[in-house]
Amino acid sequence: RTQNGISGGFTVSGWIKADTSANSTWGQIAMKAQNASPTNGWLFETIGTGNLISLNQTYSTTNLNRDTSAAFSDTVWTHVTLTASASANANWVRLYSNGTELSYGATIDGEGTASDDSAHPFTSACDQVATSPNCFDGTIDELRVSNTARSPYWVKAEYQTMNDTMNIFGSEEIYGSGAFSYS
């Protein structure tokens, strides 16, 4: 499949903070598609009032879809990550919140040929093409896109690094007070 004009997997991550859980339909986090359906591409979004996360990818016969069954908290900053490999198998799509993989609800494998999104711009927060866009009701920060499907360890480390919990330091050692004494 082709995303961002490349063949293979990809990762999208960033911080989101919903203003309310009032995203009654969908709230776009990032997409590379003709519109928010999506047509000819992929769409990473929040869905419904439960603040679930979803990926939709267009295929010629059946579109790939992967939804989470666990909601993220609204009105607080949440680090979300999508990793997708170059496969029509929806089980190769992983969705994370704060470095932890979420549980899944709807899962539909893609069938047929994956659409080529190379003619469409990458957009975030709001589909600028649709007549009634599906805008994310809140704030998106530090959105990152890479052309590889990152591992669960990488996703966890990215979250911990950005959340200042990766490296924990102890108290300062004072010369002569520890196990080592120089005389």
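Scroll up a little and you will see the structure.
In what follows, the accompanying structure is described. (Residues numbered from 1 in each chain as written. Predicted model: local features only at pLDDT ≥ 70, side-chain atom pairs only at ≥ 80, totals over all residues. Heavy atoms only, no water.)

Structural notes on the overall build of the chain
The helix and strand inventory of the chain stands at 1 helix and 13 strands. Along the chain direction, N to C, the helices and strands of the chain fall in the order β-β-β-β-β-β-β-β-β-β-β-β-β-α. Residues counted as buried form 40% of the 183 residues belonging to the chain. In the chain, the proportion of contacts linking residues at least 24 apart, taken out of those at least 6 apart, comes to 65%. Accessible surface, the chain: about 9,300 Å² in total, of which carbon and sulfur atoms supply 49%. (Helix = DSSP H or I, 4+ residues; strand = E, 2+ residues; numbered from the N terminus. Buried < 20%, exposed > 50% of the residue type's maximum accessible area, 1.4 Å probe, protein only. Contact = heavy atoms within 4.5 Å. Areas by Shrake-Rupley, 256 points an atom, 1.4 Å probe, with all protein chains shown as cover.)

With respect to the sheet that holds strand β7 (residues 64-68)
The strand order across the open sheet formed by 6 strands is β11-β7-β6-β5-β4-β12, and the pairing between neighbours is antiparallel. In the strand order of this sheet, the two ends are held by β11 (104-108) and β12 (123-124), each with one partner. The sheet contact formed by β7 and β11 spans 3 bridges and is antiparallel. Within β11, the position partnered with Arg66 by the bridge is Thr107. (Pairing = 2+ DSSP bridges.)

Side note on the sheet that holds strand β13 (residues 138-146)
In spatial order, the strands read β10-β9-β8-β3-β13; together these 5 strands make up an open sheet with antiparallel pairing. In this open sheet, the two strands that pair with only one neighbour each are β10 (100-101) and β13. As paired elements, strand β8 (residues 78-84) and strand β9 (residues 93-97) share 5 bridges and run antiparallel to each other. Paired with Val80 across the two strands is Ser97, which belongs to β9. Packing against the sheet, helix α1 (residues 152-162) makes contact with β3 (10-18), β8, β9, β10 and β13, and its axis sits at approximately 155° to β8. (Axes fitted to C-alpha atoms, helices over the stretch in contact; angles between N-to-C directions.)

Remarks on the nonpolar core
The tendency in soluble globular proteins is for nonpolar side chains to be buried as a group. Counting 22 residues, the largest nonpolar core has Val12, Trp42, Phe44, Ile53, Leu55, Leu82 and Val93 as the members making the most contacts within it. Elements that contribute at least two residues to this core include exactly β3, β4 (26-32), β5 (42-47), β6 (52-57), β8 and β9. In contact with Ile53, other than residues within four places in its own chain, are Phe44, Glu45, Thr46, Arg66, Asp67, Thr68, Phe72, Val80, Leu95, Tyr96 and Leu102. (Core = buried A, V, L, I, M, F, W, Y, C linked by side-chain atoms within 4.5 Å.)

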